[in-house]
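Here are the chains, one letter per residue:
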Amino acid sequence: MKKISFIIILTSLFLVSNLSAQLGNYWTLQISTEGTLLSGALVAANSNNAGFFYNPASMSSDSASSFSFNTSLFRTFFLDFKNPFGEGTELNDISAGFDPIFFSFLIPRKNKLNVKLGVSMMGKQNTSYKILDRIYKPNYSFPSLDSLSGDYEGTYNYILKSSEYWVNFSVAKQVNKVFSIGATLVVAIRNLNYINATNSNYVFKYNDNQNATASYKNLTEAYMYNYKILGKIGAIIKLNDHSRIGITDTTSSLNVFGRGTIKRQISQTNIVALSLDTSNFNSIDQLISDYGANLKADFKSPFSISLGYNLEKGIHKFGFAVEFFNEIEPYRLIKGENIGTLINTSNSLVNEENFLSLTYGQRSIV
């Protein structure tokens, strides 16, 4: 029924809950002072203490030890949501903060293999969104329900807090005067807190001028963590004393261990009071609710490949880099299970495993 489709979004939400936010941001990440100043164009850099990230082969060009520690960058996010509660509504949010810490220690080449060793830690991701808003429409009539008028409110609560930290173990070797290679093994930990709650309430006069309330609720709350490993392999070719070209491959991640907890609830109450056709099965009071703890969890990182060129002339430095991040097809971030605790009073068959799953995906990016 078109007149109350605004509230009844139920059947399309039965199967799975989707996490929809940009959690990659790989293309905006810069670390170290030099990396920030050159906007991350260090794929073919020389003597770079952030080489474990941009290109491990660049570590081989420095025979001295070094130590670095900083917070990379101050970031600001502007979010704009169009029509979250119907035509003509809008939600806005501005958030900001410092990226997590970065430090690295490079060990000089004093071994038989003449390789450079390094250990480092960095904050790969630090996302924090929080949106809480409400729309209120007094004396509102739904389309095709001109006989009813009441107060409508829609509330939206969205919280996304996610962080990922990398511990990196790197090795690099200058094969000859022209060619260098390097590799980094990454041990990563990801944490995620997520709340996405929508509530709609409509208060109106019904049945001999008695107050009545029609309500709809859709809630997803989730927490997860996982440990994973991935790697970087890089090479640099020296063109002359001032310039080089480089290439870096970053593997997709391999999940080691992860667990998550999720709570989902969809309900509607007294929608039948808004319906002229009371035989419609979607109009009856309904509740679908479940809770899953200690479920398997995984947050995948994509395969990527980057190419770069760097040039130094005296005190002046120039860098260019391009990187391709492979698509991550939608997958179960938290994997639901059939645990037998699903409450379902609707007339629709609900798969508990799907209902308790949280999915995520990411498009390919250049």
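Conventions and cut-offs
Residues numbered from 1 in each chain as written. Predicted model: local features only at pLDDT ≥ 70, side-chain atom pairs only at ≥ 80, totals over all residues. Heavy atoms only, no water. Helix = DSSP H or I, 4+ residues; strand = E, 2+ residues; numbered from the N terminus. Buried < 20%, exposed > 50% of the residue type's maximum accessible area, 1.4 Å probe, protein only. Contact = heavy atoms within 4.5 Å. Areas by Shrake-Rupley, 256 points an atom, 1.4 Å probe, with all protein chains shown as cover. Polar contact = N/O pair within 3.5 Å; in protein donor to acceptor, adjacent residues only side chain to side chain. Salt bridge = Lys/Arg side-chain N within 4 Å of Asp/Glu carboxyl O. pLDDT = per-residue confidence, 0-100. Core = buried A, V, L, I, M, F, W, Y, C linked by side-chain atoms within 4.5 Å. Phe/Tyr/Trp six-rings, centres within 6.5 Å; stacked < 30°, edge-to-face > 60°. Lys NZ or Arg CZ within 6 Å of the ring centre and 35° of its normal.

*Asks:* Explanation requested: the overall build of the chain in the structure shown.
*Replies:* Looking only at helices and strands, the chain has 3 helices and 17 strands in total. Classification of the 366 residues of the chain by burial places 46% in the buried group. Relative to all contacts within the chain whose residues are 6 or more apart in sequence, the contacts with residues 24 or more apart total 72%. As displayed, the chain has an accessible area near 17900 Å², and 56% of this comes from carbon and sulfur atoms.

*Asks:* Which parts of the structure should I look at to understand the environment of Lys300?
*Replies:* Tracing the backbone shows Lys300 in the loop between β12 (286-296) and β13 (304-313). It is 7.3 Å that separates the C-alpha atoms of Lys300 and Ser252, two residues lying 48 residues apart in sequence.

*Asks:* Explain the side chain of Thr248 here, please?
*Replies:* Secondary-structure assignment places Thr248 in strand β10 (residues 243-250). Among the polar contacts listed, one links the side chain of Thr248 to the backbone oxygen of Tyr54, at a separation of 2.9 Å. When residues no more than four places from it in sequence are discounted, the contact partners of Thr248 are Val43, Tyr54, Asn55, Pro56, Lys232, Ile233, Gly234, Ser304, Ile305 and Ser306.

*Asks:* What is the right way to read the pattern of salt bridges from this model?
*Replies:* Oppositely charged side chains may form a pair once their charged atoms are brought near each other. Tallied over the entire structure, the rule returns 6 salt bridges. A network of salt bridges, in which partner residues are shared, links Glu164, Arg190 and Lys228.

*Asks:* What is the right way to look at the environment of Tyr158 in this model?
*Replies:* Counting through the fold element by element, Tyr158 comes out in strand β7 (residues 150-174). Each C-alpha atom of the pair Tyr158 and Tyr194 lies 7.7 Å from the other, and the pair is 36 residues apart in sequence.

*Asks:* Would you mind showing me how to read the confidence of the model for the chain here?
*Replies:* Regions with low pLDDT carry predicted coordinates that are not meant to be interpreted in detail. Scored by pLDDT, the chain has a mean of 82; 80% of the residues are at 70 or more. When pLDDT is averaged over each helix and strand of the chain, the minimum, 48, is found for strand β1 (residues 17-18) and the maximum, 96, for strand β11 (residues 254-269). Considering only residues more than four positions removed or in separate chains, one finds that residues 1-17, a stretch of pLDDT under 50, has 55 contacts.

*Asks:* Honestly, the nonpolar core in this entry has me stumped. Any pointers?
*Replies:* Most often, soluble globular proteins have nonpolar side chains that are buried together. Formed by 20 residues in total, the largest nonpolar core has its most connected members in Tyr158, Met224, Ile262, Leu333, Ile334 and Leu358. Of all elements in the fold, only β6 (115-140), β7, β8 (179-206), β9 (210-238), β15 (328-334) and β17 (358-362) reach the threshold of two or more residues within this core. Counting residues per element, this core draws most heavily on β15, at 4 residues. If we skip the residues at most four places from it in the chain, Ile334 touches Ala222, Tyr223, Met224, Gly260, Thr261, Ile262, Leu295, Lys296, Ala297, Leu356, Ser357 and Leu358. Judged by nonpolar contacts, the second largest core, of 18 residues, contains Leu29, Tyr54, Met122 and Leu230.

*Asks:* In this structure, what is going on with the packing of aromatic side chains? I would like to understand it.
*Replies:* Working definition: an aromatic ring pair is given by the centre-to-centre distance plus the angle between the planes. A full pass over the atoms with the stated rule returns 10 aromatic pairs. Ring geometry for Tyr158 against Tyr194: centres 5.9 Å apart, planes inclined by 85°, an arrangement best described as edge-to-face. With Tyr158 in strand β7 and Tyr194 in strand β8, this pair connects stretches of sequence that are 36 residues apart. When sorted by exposure, Tyr158 lands in the same class as Tyr194, which is buried. The ring of Phe355 carries the charged tip of Arg264 above its face, separated from the ring centre by 4.4 Å. In this structure, Lys300 is placed above the aromatic ring of Tyr331, and the distance from its NZ or CZ to the ring centre is 4.7 Å.

*Asks:* Is there a simple way to think about the environment of Met224 in this case?
*Replies:* Looking at where Met224 falls in the secondary structure, it is placed in strand β9. For Met224, a relative accessible area of 0% puts it in the buried group. For Met224 and Ala293, which are 69 residues apart along the polypeptide, the C-alpha to C-alpha distance reads 9.9 Å. Not counting the four nearest positions on each side in its chain, Met224 is found in contact with Arg190, Asn191, Leu192, Arg259, Gly260, Ala297, Asp298, Phe299, Leu333 and Ile334.

*Asks:* Where do I start with the side chain of Asn310 in this structure?
*Replies:* Note that Asn310 resides in strand β13. For Asn310, the side chain forms a polar contact with the main-chain nitrogen of Ala45, separated by 3.5 Å. Leave out the neighbours within four places in its chain, and Asn310 touches Leu38, Ala41, Leu42, Val43, Ala44, Ala45, His242, Ser243, Arg244, Phe318 and Gly319.

*Asks:* Help me understand unusual backbone geometry, please; the structure alone is not making it clear to me.
*Replies:* If a residue is not glycine, its phi is most likely negative; likewise, a peptide bond is most likely trans. At Asn270, a position not held by glycine, the phi torsion is positive, near 65°. Even without being a glycine, Asn294 presents a positive backbone phi close to 60°. Counting through the fold element by element, Asn294 comes out in strand β12. Residue Asn294 is classed as exposed on the basis of its relative accessible area of 56%.

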